[in-house]
Amino acid sequence: MLEVLDVSGLATLQDSGRRGWQSYGVPVSGPMDWFAHRAANSLLNNSPDAVVIEIGLGEITLRATRNTVLAVTGAGFEVANYIWTFPLWTSFYVRAGWRVHVKKISRGNWAYLAIAGGFETQSILGSKSTYLRGGLGSALRAGDVLNAGKPAIELSKLAARDFPVEKYMSYSQSPVIQVIAGPQQDRFTENGIQTFYGSEYTLSKSFDRMGYRLEGIPISHAGNADLISEGMTMGSIQVPASGQPIVMMADAPTTGGYLKIANVIRASLPLLAQCEAGNSKIRFKKISVEDAQEKLRRLWSRAACCPKFPSAS
């Protein structure tokens, strides 16, 4: 369906993630921005778990080998299709032979390109997500040819759709990231806790799919910064001896040995994922577990309505 002509940065295939293997040391992986991944698939009536191309910190150019419909979501990119330019969070028809260029501009890190029917690739340990450090899948390269499954409905009904992202997710380079208290919160000084919730942080240039290193006023520990390694999840915020927090992301290791001051709630992970290095101004706000669960339920139920476009009725 699509031939990769050129890639800069990192482009990988991702479904919703590889679950059930963390006890064996295998990360979940999946998209950095789960909301944009889900929205790209909803624009095309794909399964929420369907495979998309995640483009990070670079660009990709593809050529359609058959007529199809694509959708691109995320932040910090624009899309050129043949002679037209399209905004993100839309779907568009692509004729055989046309080129599609997903171009990096600013104010974001990750884009998600979905195809009608979803991309077909080998499943490994129950998932089709790429995890490069573990050798599960590989980065896309020029010359790769990507096949797609059967679209849910005819192509003409999938094109020219818009996803109303502003109703659900307020992407910004100065976000307030909501968190719940971490399991070692009591091992930081009162001043350290106040620093974490009262200061502004910037994303370091030293970041990747495994973790986001933040830069700001150091957070003070009450004692040793280390502990016996224990389980972690995406969103865990570790604070090593340097006092600079590290937020675990999609390819996070399953265990870690630094104190965890907090955990980013799932509803806020997309906002953090799209913060640019050097430009972001990140603040944290603590909420309860119950509030975090309710925010995710509301976001999930609202987003679930979005596949019901008038053109599909």
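Residues numbered from 1 in each chain as written. Predicted model: local features only at pLDDT ≥ 70, side-chain atom pairs only at ≥ 80, totals over all residues. Heavy atoms only, no water.

Caption draft 1: Up close: the overall build of the protein chain. Per the secondary structure count, the protein chain includes four helices and 20 strands. Taking 313 residues into account, the globule formula puts the C-alpha radius of gyration at 20 Å, and the protein chain, at 20 Å, falls close to it. Counting the 313 residues in the protein chain, one finds 51% classified as buried. Considering only contacts in the protein chain between residues 6 or more positions apart, those separated by 24 or more positions represent 78%. Summing over all exposed atoms, the protein chain offers an accessible surface of approximately 13400 Å²; the carbon and sulfur share of this is 50%. (Helix = DSSP H or I, 4+ residues; strand = E, 2+ residues; numbered from the N terminus. Rg over C-alpha atoms; globule rule 2.2 N^0.38 Å. Buried < 20%, exposed > 50% of the residue type's maximum accessible area, 1.4 Å probe, protein only. Contact = heavy atoms within 4.5 Å. Areas by Shrake-Rupley, 256 points an atom, 1.4 Å probe, with all protein chains shown as cover.)

Caption draft 2: Inspection of the layout of surface pockets at higher detail. Empty space within the largest pocket amounts to approximately 450 Å³. Together, 27 residues line the largest pocket, and Arg-19, Val-28, Ser-29, Met-234 and Arg-266 are the ones closest to its centre. The set of elements that each furnish at least two residues to the lining of the largest pocket consists of helix H1 (34-43) and strand S19 (255-264). The biggest single contributor to the lining of the largest pocket is H1, with three residues. Class assignment of the residues belonging to the lining of the largest pocket gives a composition of 16 nonpolar, seven polar and four charged. Of the voids in this model, the second largest pocket is the one considered here, and its volume is about 300 Å³. (1 Å grid on protein atoms, 1.4 Å probe; cavity = no way out; pocket = protein on both sides within 12 Å on 5 of 7 lines; lining within 4 Å. Points joined across faces, edges and corners; volume = space filled by probe spheres on them. Nonpolar A, V, L, I, M, F, W, Y, C, P; charged D, E, K, R; others polar.)

Caption draft 3: Representation of the pattern of salt bridges. Counted according to the given criterion, the structure contains nine salt bridges. Across the pair Glu-230 and Lys-260 runs a salt bridge, and its minimum N-O distance is 2.7 Å. Pair noted here: Glu-230 is in strand S16 (residues 226-231) and Lys-260 is in strand S19, with a separation of 30 residues, a long-range link. (Salt bridge = Lys/Arg side-chain N within 4 Å of Asp/Glu carboxyl O.)

Caption draft 4: Broad picture of the sheet that holds strand S7 (residues 84-86). Here we have seven strands laid out as an open sheet, ordered S7-S6-S9-S4-S1-S12-S11, and antiparallel in their pairing. Single-partner strands in this sheet number two, and they are S7 and strand S11 (119-120). Pairing between strand S1 (residues 2-7) and strand S12 (residues 145-148): two bridges, direction antiparallel. Bridged to Leu-2 within S12 is Leu-146. (Pairing = 2+ DSSP bridges.)

Caption draft 5: Fine view of H1. Burial analysis of H1 places ten of its ten residues in the buried class, which makes it a mostly covered element. If you check which residues of H1 are buried, you get Trp-34, Phe-35, Ala-36, His-37, Arg-38, Ala-39, Ala-40, Asn-41, Ser-42 and Leu-43. With a side-chain oxygen lying 3.2 Å from the backbone nitrogen of Phe-35, the N-terminal cap of H1 falls on Asp-33. At the exit of H1 stands Asn-45, carrying a positive phi of roughly 60°. (Polar contact = N/O pair within 3.5 Å; in protein donor to acceptor, adjacent residues only side chain to side chain.)

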